[in-house]
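# A structural walkthrough
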Amino acid sequence: MARLLGGDFDGPARLRELLAGGEPVVAPGAYDALSARLIEDAGFPVVYMTGFGVTASLIGRPDVGLLTMTEMVDAARRIAAAVDLPVIADADTGYGNALNVIRTVREYETAGVAGMHLEDQVSPKRCGHLEGKQVVPPEAMVDKVKAAVRARRNSDFLLIARTDARAVEGVDAAIERAHRYRDAGADALFIEALQTDEEIERVAAEFSGFPLLFNWVEGGKTPPAGLGRLRELGFRLVICPISALLAATGAVREILRRIKKDGTPLNVVGSLPGFGEFTDFIGLPEVNSIGDRYPNS
């Protein structure tokens, strides 16, 4: 995990190295620094910052374009600082036109993330697995991708182009858009909310050899697929954006139900991490050792 007195960590270069390997990279979704540390502790190589989860965590609302760029960048900065893993961040629509995208790329780079994805929805956007989405003309998104490519200071910073056109214009249009975004300079493609196994296979064949992202959303529009099948199809990156969020919601709901019923946590405390275990996990021993090193401050 990220140490308070840690050394340099090159997230973009590490992410590129992982994507060039032989196995799909699985990146669970983090919605705050604690969930990111849990992802790292579980042994995953990459953290995905989920816009859906950040929105739910920060304001308790659905992902319908309610957060600003600065709110998302602040969340990305906290998550990236908490772990020694590459972080891929949701950057929504880039928060405006190509000029805004330039600032968005610079801000996310400065926040310490290793890559980000931009989508072609009309602002305010919606979660890719919700109804009621709209998309901008493909030419507008092409300009955003080109602007993003030119804006990054580190050429290893990963730019993922996402299209939400499947739900609006059909799979043919989504594939056509993805080709244009790849040609504009995107490093990877994210074709959101494919609705059948046949569509997944078609996209994989269409972009064989080019990095593709698979979005594994429990209860979403895309059929579930095992990692072996995704490996076989050639997907390089698999994100699980809401798994931890749903698990945390279920666990907290149950604990609160028990406390409400019993009056205190007496009957559930045995099922929880111990106080000492938790403070060790979030870095108290390191804090204490720093205090010992600088006793006069």
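See the structure shown above.
A brief structural summary. (Residues numbered from 1 in each chain as written. Predicted model: local features only at pLDDT ≥ 70, side-chain atom pairs only at ≥ 80, totals over all residues. Heavy atoms only, no water.)

## Remarks on the overall build of the protein
If you tally the helices and strands in the protein, you get 13 helices and 8 strands. Relative to the compact-globule value of 19 Å for 297 residues, the protein shows a C-alpha radius of gyration of 20 Å, a close match. Its C-alpha atoms give the protein principal-axis dimensions of about 60 × 50 × 35 Å. Across the 297 residues that make up the protein, the buried fraction comes to 47%. Here the protein displays about 14,200 Å² of accessible surface, and carbon together with sulfur accounts for 54% of that area. Across the protein, the 33 positively charged side chains and the 41 negatively charged ones have centroids separated by 3 Å. (Helix = DSSP H or I, 4+ residues; strand = E, 2+ residues; numbered from the N terminus. Rg over C-alpha atoms; globule rule 2.2 N^0.38 Å. Buried < 20%, exposed > 50% of the residue type's maximum accessible area, 1.4 Å probe, protein only. Areas by Shrake-Rupley, 256 points an atom, 1.4 Å probe, with all protein chains shown as cover. Lys, Arg positive; Asp, Glu negative; His and termini not counted. Charge placed at Lys NZ, Arg CZ, Asp CG, Glu CD.)

## Focus on the layout of surface pockets
Taken as a whole, the largest pocket holds about 590 Å³ of empty space. In terms of lining, the largest pocket is formed by 22 residues, of which the most central are Leu 34, Leu 38, Ala 251, Pro 273 and Phe 278. Among the elements of the structure, α2 (33-41), α11 (243-262) and α12 (275-281) are those that each provide at least two residues to the lining of the largest pocket. If one sorts the elements of the lining of the largest pocket by residue count, α11 sits on top with 7 residues. Looking at side-chain class alone, the lining of the largest pocket contains 17 nonpolar, 3 polar and 2 charged residues. (1 Å grid on protein atoms, 1.4 Å probe; cavity = no way out; pocket = protein on both sides within 12 Å on 5 of 7 lines; lining within 4 Å. Points joined across faces, edges and corners; volume = space filled by probe spheres on them. Nonpolar A, V, L, I, M, F, W, Y, C, P; charged D, E, K, R; others polar.)

## So, a nonpolar patch on the surface
A surface patch of nonpolar side chains, amounting to about 320 Å² of accessible area, comprises Leu 34, Leu 38, Phe 278 and Ile 282. Its location among the elements puts Ile 282 in the loop between α12 and α13 (284-293). (Patch = residues over 30% accessible without salt bridge, like charges linked within 9 Å, V, L, I, M, F, W, Y side chains within 5 Å. Salt bridge = Lys/Arg side-chain N within 4 Å of Asp/Glu carboxyl O.)

## Details of helix α3 (residues 51-59)
Every buried residue of α3 is accounted for by Gly 51, Gly 53, Val 54 and Thr 55. Where α3 is buried, its residues touch β1 (25-30), β2 (47-49), α4 (69-82), β3 (87-90) and α11. Put simply, Thr 50 is the residue that caps the front of α3, since its side-chain oxygen is 3.2 Å from the backbone nitrogen of Phe 52. (Contact = heavy atoms within 4.5 Å. Polar contact = N/O pair within 3.5 Å; in protein donor to acceptor, adjacent residues only side chain to side chain.)

## Overview of the sheet that holds strand β5 (residues 158-163)
The strand order β1-β2-β3-β4-β5-β6-β7-β8 describes a closed barrel built from 8 strands, whose pairing is parallel. Taken over all neighbouring pairs, the strand axes of this sheet differ in orientation by 25° on average, direction set aside. Across 2 bridges, β1 lies against β2 in parallel orientation. By the bridge assignment for β2, Ala 30 is matched with Met 49. The strands that α4 touches are β1, β2 and β3; relative to β2, the one it contacts most, it runs at about 160°. Helix α6 (residues 138-151) rests against β4 (115-119) and β5 of the sheet, and its axis sits at about 170° to β5. (Pairing = 2+ DSSP bridges. Axes fitted to C-alpha atoms, helices over the stretch in contact; angles between N-to-C directions.)

## Some details on the nonpolar core
In terms of nonpolar packing, the biggest core is built from 62 residues, with Val 47, Met 49, Tyr 108, Leu 189 and Phe 207 touching the most fellow members. Broken down by element, the residue count for this core peaks at 8 residues, all from α4. The contacts of Val 47, once residues within four sequence positions are left out, are Ala 27, Pro 28, Ala 30, Ala 36, Ile 39, Ile 79, Val 83, Leu 85, Pro 86, Val 87 and Ile 88. The next biggest cluster of nonpolar side chains, apart from the first, holds 16 residues, and it includes Val 25, Ala 27, Phe 190 and Leu 237. (Core = buried A, V, L, I, M, F, W, Y, C linked by side-chain atoms within 4.5 Å.)

## Describing the environment of Val 87
Relative to the helices and strands, Val 87 resides in strand β3. On the basis of relative accessibility, which here comes to 1%, the residue Val 87 falls in the buried class. For the pair Val 87 and Ala 76, spaced 11 residues apart in the sequence, the C-alpha separation amounts to 8.1 Å. Not counting residues within four places of it along the chain, the set of residues in contact with Val 87 comprises Val 47, Met 49, Ile 79, Ala 80, Val 113, Ala 114 and Gly 115.

## Concerning the packing of helix α8 (residues 171-183) against helix α9 (residues 197-206)
Close contact between α8 and α9 brings their axes to 11 Å; oriented N to C, the two are set at 25°. In terms of axis orientation, α8 runs roughly parallel to α9. Where α8 crosses over α9, the two elements pack in a sense that is right-handed. On α9, the residues that touch Val 171, Asp 172, Ile 175 and His 179 of α8 are Glu 199, Arg 202, Val 203 and Glu 206. Along the lines of polarity and charge, the residues of the contact of α8 with α9 split into 3 nonpolar, 1 polar and 4 charged. (Parallel < 35°, antiparallel > 145°, perpendicular 65-115°, else oblique. Left-handed = near helix turned anticlockwise from the far one by under 90°.)

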